[in-house]
Amino acid sequence: MPNGGSWFDQFVNELPKKPWFKRVGAWILVPIWAWRTPVKPLRGGPRPSIQPADNLQSMMNLIMPLKRENKSPIGRAKAALAIAENKDQIFAGLDNVGTVHFARFVIVNDNICMFSVYDGDFSNYIRDFIATIGGVFDAVVALVEGGDDVLPSAHKVEAFIEWIRRHDLYQVPDTATDFLRDQEALNGDNAASGNDDLSLLPRKLILQLRANANVSLGSGYRAYPGYSAAQVRERLGIGW
Amino acid sequence: MFNFADVQGNIVRGYRGKPRVRHLVLEIADRIAARRWLAACASGGDNVPQITTGDWGADKPVTCFNIGLTYEGLRALGTPDSSLETFPNEFIEGMHARALKLGDVGESAPENWPAPFKDPKRIHLVATIYASDIAQLNQVQDQALADGRTLRLLGGALDGCSFPDDLVHFGYRDNLTQPRFAGVHDAERYADGQPKAPLGTVLLGHPTNFEGLEWRVPEPEQLGHNGTFNAFRVLKQEVVAFEEFLGTAADHLLSQASVDELLPLGADAIGQGLSPRDALREVVAGSICGRWRGTGTPLALSPDRPNLLPGMSLTDFDYDSSRCPYGAHIRRCNPRGGQIVQRVANNSRRLVRRGMPYGPLYDPANPRDPELERGLLSNFIGANLGAQFEAMSCDWLNLGLQDPRITGSNDPMLGANDFKTSWFDLPLRSGRTIRLRGLPRFVQTRGGAYTFLPSLSAIRFLGSLMM
């Protein structure tokens, strides 16, 4: 941060800490920026890579907002029941997909979420998931905003996969400046701007987090990276 | 009964009597004229080559002619947006954009592809001619591009020619099996225990291999139904590096205590008069592919000798409890009924493969012109590029997700290998393995395009577009 000695520099430097400025920023400044510089949301899912280790234990953070009529304790209860009633089938299906390490369902506010760790390609994972238990999972998707457009999943495979990808959180790269590179690439801009001083809280970063309000931070921690679910099961002698 | 006259012939037939192929990568120069050209190709007349269909009637055609359109090609023809947006994402994005999924990195990356593949926006149509000799290829090409204004040839023609006994570069035998389809007459009727593939494996609008699952058929139905997709690839084969690796691997094996397990019947069983080193070269080559060089005998049936014993079949075999390496090329790309991690995926990623070598035959004993480019002009045809070609490429060919014993390694023959990290396990009779390391990338991608192979009705539809 520039460390000028004048009273004006100090005033500007202190601005982000002032409560009144935070309010002005959030309610006026950022919306004006966003209006002047439209930012597209970044795509969900892991970063494409050719390295085998990068394609094992990928994380899916699926956030699906419940339909307006389900945004209530009753709606959340319906979602909880949809999971509970089909839990055995969903788990047996995930077993058959074969590439899933962990999967769990969570309700956060009015969102039904599925978090899972899987091996290999995202589309293959979702396609195999539909082939195995699509019909059961459809009951969950039916409670979600926009879900009706991609049901039944067995007849709308491509659209369903794309829908799931749109609801999978964008994964912020481990290197924060790569976030800016992703943003530039999305806009077809191959030349890095070089304006990467993150201590200045870049406007680009703020606008991107406005477009992608929910993100996954970094690629996450793995206790035994580079092993597939089947490799772990094989080594534990529990069949794969 | 299914109407084969509506389907392009190269999808359901191998054209085995036509040893020469020519691919013409074309740009549509005049939209209106190109529509007229397509309509004429599908309906006869106007002195253009006729599209060969799956129904030959009584007479075999002298030459065969088929076309594939890229997404840019469909746009160039003026296909309405409402129709274009019903095509699958991978096709819309094109092969260049899918490079990471396909292992097209480093030297194989699209930015290193030579013309005409450098500029994918200009690739609109790939026309393919199959014939007995070059004169016929020239004749059909002249006929196809007669007026010189409708279609512009990008780069030179890509010619391939089959070698005797279906041999291909690296010394393997190709064209041994293809998926057989439910409801399709199988002229060759070779023994094959694999289940017949539902027609939807290769044609849009029919039942797929996943029970109950339907792939989206591009709209209108006349355009999408009975069409399919093709991954056209120019695959350069590094013949010199491949032969060198076999020698290096044989030397390494000779230094191993358990080497005798690889030649239990002696070197003579591999080939009369072969030295142990040369016999081990063949063992490595056979293990890499899953079939012995020359004979094509599957290691699943005959792991110790390349000759087929009475009662064995080149095509009828399975992998469980066989000694075919888990990572062998043909096992990785089609695990048949063998156990795999993705239990629903057996038989689901099958592809019709139409390939022909280019460049002169390479004889390692008499290595003339080793610097000449050699390879395979290949077509991988399936109704869903994402569920078949790409799924096979990214999780099976590379990564090896289907079996924990190969996960983390790439296909030894076709994979995106880096000699610093690559490995391949040779199984021994005792159940142990010897790990080979340092495999370089033997096959480099030199170009390609995703194309849509429209039905005859669809070609007429495109020919009649008015916009």
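Computed from a predicted model, the values in this text were never measured in an experiment.

Q: Break down the overall build of chain A for me, with residues and values.
A: Secondary structure assignment for chain A yields 8 helices and 5 strands. Each helix (α) and strand (β) of chain A, taken in turn from the N terminus, gives the series α-α-β-α-β-β-α-α-β-α-α-β-α. In terms of its C-alpha atoms, chain A occupies a principal-axis envelope of roughly 70 × 45 × 30 Å. Looking at the 240 residues of chain A, the share that counts as buried comes to 30%. Contacts spanning at least 24 positions in sequence make up 70% of the contacts within chain A whose residues lie at least 6 apart.

Q: Describe the sheet that holds strand E1 (residues 58-65) of chain A, naming the residues involved and giving the relevant values.
A: Residues and elements named next belong to chain A. Spatial ordering of the open sheet is given by E1-E3-E2, a layout of 3 strands whose pairing is antiparallel. Edge positions in the open sheet fall to E1 and strand E2 (100-108), since each of these has one partner strand only. Geometrically, the sheet is characterised by an average inter-axis angle of 15 degrees between neighbouring strands, direction not taken into account. In this sheet, strand E3 (residues 111-118) lies alongside E1 in antiparallel orientation, the contact comprising 8 bridges. Along E3, the bridge assignment pairs leucine 62 with methionine 114.

Q: Tell me what's going on with the packing of helix H6 (residues 176-186) of chain A against helix H7 (residues 203-211) of chain A, and back it up with residues and numbers.
A: Residue and element names in this part refer to chain A. One can describe the packing of H6 onto H7 by two numbers: an axis separation of 10 Å at closest approach and a directional angle of 70 degrees. Here H6 is positioned roughly perpendicular relative to H7, judged by the angle of their axes. The way H6 lies across H7 gives a crossing that is left-handed. Judged by residue contacts, Phe179, Leu180 and Gln183 of H6 engage Lys204, Leu205 and Gln208 from H7.

Q: Describe the interface of chain A and chain B, with residues and values.
A: Taken together, the 30 residues of chain A in the interface contact 28 residues of chain B. Within the residue set of the side of chain A that touches chain B, elements represented by two or more residues are helix H3 (73-97), helix H4 (122-141), helix H5 (157-167) and helix H8 (229-236) of chain A. Among the elements that make up the side of chain A that touches chain B, the one with the highest residue count is H4(A) (7 residues). Of the residues that constitute the side of chain A that touches chain B, the class distribution is 10 nonpolar, 13 polar and 7 charged.

Q: Account for unusual backbone geometry, naming residues and giving values.
A: Omega for the peptide link from A:Leu151 to A:Pro152 comes to -10 degrees, which places this bond in the cis form. Summarising the element assignment, A:Pro152 is placed in the loop between H4 and H5.

Q: Any details on the pairing of strand E1 (residues 20-28) of chain B? Residues and values, ideally.
A: All names here are of chain B. In terms of residue burial, E1 counts as a mostly covered element, since 7 of its 9 residues are buried. The pairing of E1 with strand E3 (residues 125-131) spans 7 bridges and is classified as antiparallel. Note that in E3 the partner of leucine 24 across the bridge is alanine 127. One ladder, built from 3 bridges, connects E1 with strand E4 (residues 151-153); its direction is antiparallel. From the neighbouring strand, isoleucine 28 faces E4, where its bridge partner is leucine 151.

What counts and what doesn't
Residues numbered from 1 in each chain as written. Chains lettered and ligands numbered in written order. Predicted model: local features only at pLDDT ≥ 70, side-chain atom pairs only at ≥ 80, totals over all residues. Helix = DSSP H or I, 4+ residues; strand = E, 2+ residues; numbered from the N terminus. Buried ≥ 20, exposed ≤ 12 C-beta atoms within 10 Å, placed from the backbone. Contact = placed C-beta atoms within 7 Å. Pairing = 2+ DSSP bridges. Axes fitted to C-alpha atoms, helices over the stretch in contact; angles between N-to-C directions. Parallel < 35°, antiparallel > 145°, perpendicular 65-115°, else oblique. Left-handed = near helix turned anticlockwise from the far one by under 90°. Nonpolar A, V, L, I, M, F, W, Y, C, P; charged D, E, K, R; others polar.

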